[in-house]
Structure formats: C-alpha cells, structure tokens
Amino acid sequence: MKRVVVGLSGGVDSSVAAYLLKEQGYEVIGLFMKNWHDDSVTISNECPWLEDSNDALLVAEKLGIPFQTVDLSEQYKERIVDYMFNEYEKGRTPNPDVLCNREIKFDVFMKIALSLGADYVATGHYCRRDVIEKDGQEVYRLLSGVDNNKDQSYFLCQLSQEQLSKALFPIGELTKPQVRAIAAEQGLITAEKKDSQGLCFIGKVRLPEFLQQQLQPKEGIIYEVNADLPLYSEAEPEFATVEEQLAFEAKNISYNPTMAKVVGKHQGAHYYTIGQRKGLNVGGTKEALFIIATDVETNAIYTGQGHSHPGLFRKALYIQESEIHWVREDLALKDGETMEVMVRIRYRQPLQKATLHKFDNGMYISFDQPQSAITEGQFAAWHIGEELVGSGVIS
C-alpha cells in the first residue's frame, strides 16, 4: 500500500484531497505546516494558523487518518521571508507563493514526508500531473487544472522532475463547486470555509503593513509622466541582430524628474510595484494613476494616468541564465533556439502568445501583443497546450 502525506492547510481543497486519496486506497497521513508565528507582525488579533490547524485536525479525525503539526517557521524565515525583503530592497516584487511551493512544500516538507516513509506528497492545488515515456525515460508533466477559473499550475512553475515524481494533486480533475460538494457530502468542517487570501504563510497579514514593519519608511516623491512624452513615440532604431532588438524591447525606460511633474509624496519606493494603483493617495487626476516605474536608488515613483498609459507596456522581457527553470528539462532550449509558447506573467492572467529566444547569457520572451505591468521579480511561466513546461524570474 502506497503511503502519501497530505499537506492539510485547514482549507477545503486539501481536506477533499485527503478524502479522495483515502478513497483511492492510499495510506494517508495529514500534516499541518506551521510556517509563521512571529506575533509581532500579525495585523489583526485573529490567529489564523491556530484556527486552521484546528480545522485540519478535525478533518483528519473525521477521515480517520493520523495527523501531526510540523513547525517549519525557521526554514520559512530563512528561505522565504528573508528572500522577500531582500527582493523588495532591490526594488523587485517577489512571489512568495511560488517560492513557498518550491522551497517549503516540495522541499523541506517533502523531505519530512519521505522520512516518514511516504511514497508521495499531496496538496490541494488545482493542477494535474502525468507521466509519459520518452527515449526510455519517464518524464513528468505538469498540466493545468480542469477548472479554468482556479488553475493553479502557475504556483508550481518552479518544481523539478524530481519533485513532480513524488507529487500528487488529487483535486486537479475537479472544479471548485465539485470540491465543495464532496466536502459537504462527507461532512467535512471546511466545506463552507472561505478561501484564504493573502500570503501563504502570514495568513491575514497585508503585505504593505508587513513590509513597513521590516523596511524603514523613507519619504520620497511621486511623479506623473504624461502619456504624450516624446520618448513614447520615438521611432525604433535599426538593429544589427535580433538579440539587440529584444534587448531594446525588454529594457525598462529610465525616467527622471525632468520628464515628469510632482503630484505627491510616498513613504518608500520599495513598498510599491509596477501596475499598482491603490495606496498612492493622490487625487484630482482625470483617470486613476498607475505606477509605471519605481526607482529605489533615488526613492522616486513614476506614475501615469489610466490603464492604457504607454509607460505600462512592453513587448518583451528578459530572464537571466541562472533564473531560467525548465520543468521539462528535455525541452530546454539551446543557444540560438526559439520556441512558440503561451505565457503568463502573473497568476490568473490569461495565457498570452509569445516566443522564447535563448541566448548564451539568458532568455528573452517576446510577446505578440505588448504586455502591461511586466514586473521584475515575478515569475513568467510558459506553456505548450495545457502543459506548463518552464518558468523564470523576470529581471
């Protein structure tokens, strides 16, 4: 009998995942991960992890499976929290949920599961995996979830073949309403529970406040850049090579105060991200202001009016060599090769048509349509059909 450890988070998805595995004849063990307990930075008095671990315990009891809690907060702080602050200080916007899966659930947690004699680790993600044979080797594929509204393959875009070989995603074939219905039928306490929002570890903490407690505020100026800035309508120069053209299209515009007017003040450029429009507190503009650039060196924020402001759009992005990750190592591009793919640059964004261009020092992704708010530090994930084949950190 195969043994599988389920990460029970106290939510409906992982509860139903555990139930389905039990039905499928696995020996199931429930494990709750406690990732955060620095109470100095929870914003509300609620203590979400206590409530969640309690719900997870009740689900395990109902299903008749062994349950324990593991405290991973130290590894969490090291691998996720410190990384996040580091990225924010560099003016990049990290994605803790993608990292949490790569570094915690499918690494630290997986090692604990394997030490308990598990054959697999399962989570309540809306995605699927299968295995094909290629050149006599087993190759694992990460596929999008059947529920298009909930597909979470993006969050697993950094997993390796090794990690996928031991991963199970029992609810990937189901839609959210089906999952809730199963939970209700089985009398699981989590059936009606709202989906958790916010970071995968801090529960109810809102990111800006969390950051403010860690990164010192530093007053700076908010600038507004006019949409008819001559820079936006300059003709593209002639390029000697495709690589030069891609580098040009992926490059961030460097703004300076002479191109803009002062419209307000902010508390620190590192709290803000490209494409953001909330939290600026600047009124009196005809259309909402969106952030088109932040400069942590000069502590300045550049904004533009409306979501179609030309400063928001770029036609290409760049990923450094060390930050390219192939889920399907057998499909990895070599220098000079290209690949037609569908790409998303953030969770829930519809897939966009694009081409990967591999060069010796990294890779460019060029889009058929210019993309809004390409954000450094976030992950771009590329798909062929319903399969996620690779990803990388936008630089």
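Residues numbered from 1 in each chain as written. Predicted model: local features only at pLDDT ≥ 70, side-chain atom pairs only at ≥ 80, totals over all residues. Heavy atoms only, no water.

**Q** How would you summarise the sheet that holds strand β9 (residues 260–266) if you had to cite specific residues and measurements?
**A** Overall, mixed pairing links the four strands, which are arranged β9-β8-β11-β10 in an open sheet. Each of the sheet's edge strands pairs with one partner strand only, and the pair in question is β9 and β10 (289–295). Neighbour to neighbour, the strand axes of the sheet diverge by 30 degrees on average, direction disregarded. Pairing geometry for β10 and strand β11 (residues 300–305), over six bridges, is antiparallel. Paired with I291 across the strands is T303, a residue of β11. (Pairing = 2+ DSSP bridges. Helix = DSSP H or I, 4+ residues; strand = E, 2+ residues; numbered from the N terminus. Axes fitted to C-alpha atoms, helices over the stretch in contact; angles between N-to-C directions.)

**Q** If you had to explain the packing of aromatic side chains to someone new, which residues and values would you point to?
**A** Counting across every chain of the model gives ten aromatic pairs. With a centroid separation of 6.3 Å and 90 degrees between ring planes, the pair formed by Y26 and Y120 is classed as edge-to-face. Of this pair, Y26 sits in the loop between α1 (12–23) and β2 (27–34) while Y120 sits in strand β4 (residues 120–122), and the two are 94 residues apart along the sequence. Between the aromatic rings of Y318 and Y364, the centroid separation amounts to 4.8 Å while the plane-to-plane angle is 45 degrees, which identifies the pairing as tilted. Taken together, the residues span a long stretch of sequence, with Y318 in strand β12 (residues 313–320) and Y364 in strand β16 (residues 362–372) at a distance of 46 residues. (Phe/Tyr/Trp six-rings, centres within 6.5 Å; stacked < 30°, edge-to-face > 60°.)

**Q** Talk me through the nonpolar core; I want residue IDs and the actual numbers.
**A** Of all hydrophobic cores here, the largest spans 49 residues; its most connected members are I104, F106, F109, L142 and F169. Of all the secondary-structure elements, those providing two or more residues to this core are β2, α3 (73–89), α4 (96–115), β6 (137–144), β10, β17 (379–384) and β18 (387–393). Ranked by residue count, the leading element in this core is α4, at nine residues. For F109, the contacting residues outside a window of four places in its chain are V5, V6, G7, L31, M33, V70, L72, I104 and V121. Counting 28 residues, the second largest nonpolar core, distinct from the first, contains V4, V16, L20 and L21. (Core = buried A, V, L, I, M, F, W, Y, C linked by side-chain atoms within 4.5 Å. Buried < 20%, exposed > 50% of the residue type's maximum accessible area, 1.4 Å probe, protein only. Contact = heavy atoms within 4.5 Å.)

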